[in-house]
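# Coordinates in review
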Amino acid sequence: MDFLFEYLGFLANTVTIVIAVAVVLMTLGAMGRGRQAPSRGYLEVHRVNDRLQELRDAMDQSVMPAAQFKKSTKESRKERKKLAKKPEPKPRVFVLDFKGDVNASNVEKLRHEVTAVLLRAGNDDEVLIKVESPGGLVHAYGLAASQLVRVRQAGIRLTVAVDRLAASGGYMMAVVADQIIAAPFALVGSIGVVAEIPNVHRLLKKYDVDYDVITAGKSKRTLTMFGENTEENRAKFIEELEDAHALFREFVATYRQDLDVEAVATGEAWYGERAQKRNLVDVLLTSDEYVVSACDRADVYAVQWVIPQKPMERLLRNLAEFTESTFDRIVRRQR
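This report concerns the structure included in the present document. (Residues numbered from 1 in each chain as written. Predicted model: local features only at pLDDT ≥ 70, side-chain atom pairs only at ≥ 80, totals over all residues. Heavy atoms only, no water.)

## With respect to the pairing of strand β4 (residues 157–162)
Here is the key point about a regular strand: its side chains alternate between the two faces of the sheet. To keep it simple, the criterion reads: Think of it in three bands: with a 1.4 Å probe and only protein chains considered, a residue is buried below 20% of the maximum accessible area for its type, exposed above 50%, and partly exposed in between. Every helix listed is a DSSP run of H or I at least four residues long, and every strand listed is a run of E at least two residues long, numbered separately from the N terminus. Only when DSSP finds a minimum of two bridges between them are two strands counted as paired. A right-handed crossover is one whose linking path, passing over the helix from the first strand to the second, runs clockwise when the strands point away from the viewer.
Counting buried residues in β4 gives five out of six residues, a clear majority hidden from the surface. One ladder, built from five bridges, connects strand β3 (residues 126–132) with β4; its direction is parallel. Bridging across to β4, K130 finds its partner in A161. In terms of handedness, the path from β3 via helix α5 (residues 138–153) over to β4 forms a crossover that is right-handed.

## Digging into the sheet that holds strand β8 (residues 269–271)
Strand-to-strand pairing in sheets goes through backbone hydrogen bonds, with the strands running parallel or antiparallel. Here is the rule: The angle between two axes is taken between their N-to-C directions and runs from 0 to 180 degrees, where each axis is a line fitted to C-alpha atoms and a helix contributes only its stretch in contact.
Here we have three strands laid out as an open sheet, ordered β5-β7-β8, and mixed in their pairing. Of all strands in the sheet, those bounded by a partner on one side alone are β5 (165–167) and β8. The average undirected angle you get between the axes of adjacent strands in this sheet is 30 degrees.

## Here we look at a nonpolar patch on the surface
What counts, and what does not: Within this analysis, patches are made of residues with over 30% relative accessible area and no salt bridge. Like charges are joined at 9 Å or less; nonpolar side chains (Val, Leu, Ile, Met, Phe, Trp, Tyr) at 5 Å or less. Method for areas: the Shrake-Rupley scheme with a 1.4 Å probe, in which residue coverage is limited to the protein chains shown. Salt bridge, as used here: a side-chain nitrogen of Lys or Arg that lies within 4 Å of a carboxyl oxygen of Asp or Glu.
On the surface, a cluster of nonpolar side chains totalling about 790 Å² of accessible area is made up of I197, V200, L203, Y207, V209, Y211, V213, M225 and F226. Within the fold, I197 resides in the loop between β7 (187–189) and α7 (201–206).

## Things to note about the environment of Q257
By secondary structure assignment, the location of Q257 is in the loop between α8 (231–255) and α9 (261–264). According to the relative accessible area criterion, Q257 is exposed, its value standing at 67%.

## A few points about the nonpolar core
To be explicit about the condition: Take the buried residues of types Ala, Val, Leu, Ile, Met, Phe, Trp, Tyr and Cys, join any two whose side-chain atoms come within 4.5 Å, and each joined set is a nonpolar core. By definition in these notes, contact holds between two residues if any of their heavy atoms fall within 4.5 Å.
Residues L96, I129, Y171, M173 and L280 are the most contacted members of the largest nonpolar core, which totals 48 residues. The leading source of residues in this core is α5, at seven residues. L280 has contacts with Y171, I180, V188, I191, R256, L259, V264, W270 and A275, leaving out every residue within four places of it along the chain. Counting residues in each nonpolar core, the second largest holds 13 residues, with V93, L128, C295 and V300 among its members.

Given below as structure tokens:
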């Protein structure tokens, strides 16, 4: 037992040191970022048809007799060479990925990807965007949705695929599409607006702490965390919240005209089949199924804007992973 306590003490000391080093490195990294210009990033484009062919070849090699695989490969190469000499023009499908957080941080990547695609896409082409997001700030997701509006305005077919979650701001992005596909258990909807503001005014008052909120303009500040919130301020805040909700409903109604917006704009979210019955999505399908079928009729390209990680950022990420795994091991041993 003494050995166990000593070992746990050693692990705790180790974790403490790692965290301290991580904090120092994060501080240095922040200082370095303050002096350096942000990384510009670069565009990566991969032909998805080629990846699928590689998968087919790998499976054929595993399941076919050697002689049959050799014959099949030879015939396949001949066919590819034949097509390469006289290529038939095909429509193109450009596949983009958007994973959203509260701040819609990846909108910076999205705007580069959309710009790149619009430089080459034609009216016969299609853009498929895989959206995954629980929603977040109204203005942030408003900008993300506006990037998708650019695709529609260019006259290019837009499809949004939801495999797991597109709620609130995520659904605001999805409704811009000509077609929304969703996996059977994808969660979509949540056409609502929420705000939570803790208030500690009474606690401060108990200890004779004054907190002044000084504004120029009657509605410059409504509810606050530290000041006294009046019923008038509360009513104004609710009015602003209702207005944001109205804008959300109007935006949804603009792009999904067959949807009974008032019936679904309750802040609720629904899974796949339930969402389809309410006309929140059009087809129950995973993005994988859609991409594979698209490869049979089109040239499919995965488009990604890559922001290189600096050595300091990679080091901090590795330290964070090490710290997390160490804590997990400690918890498992204590159980």
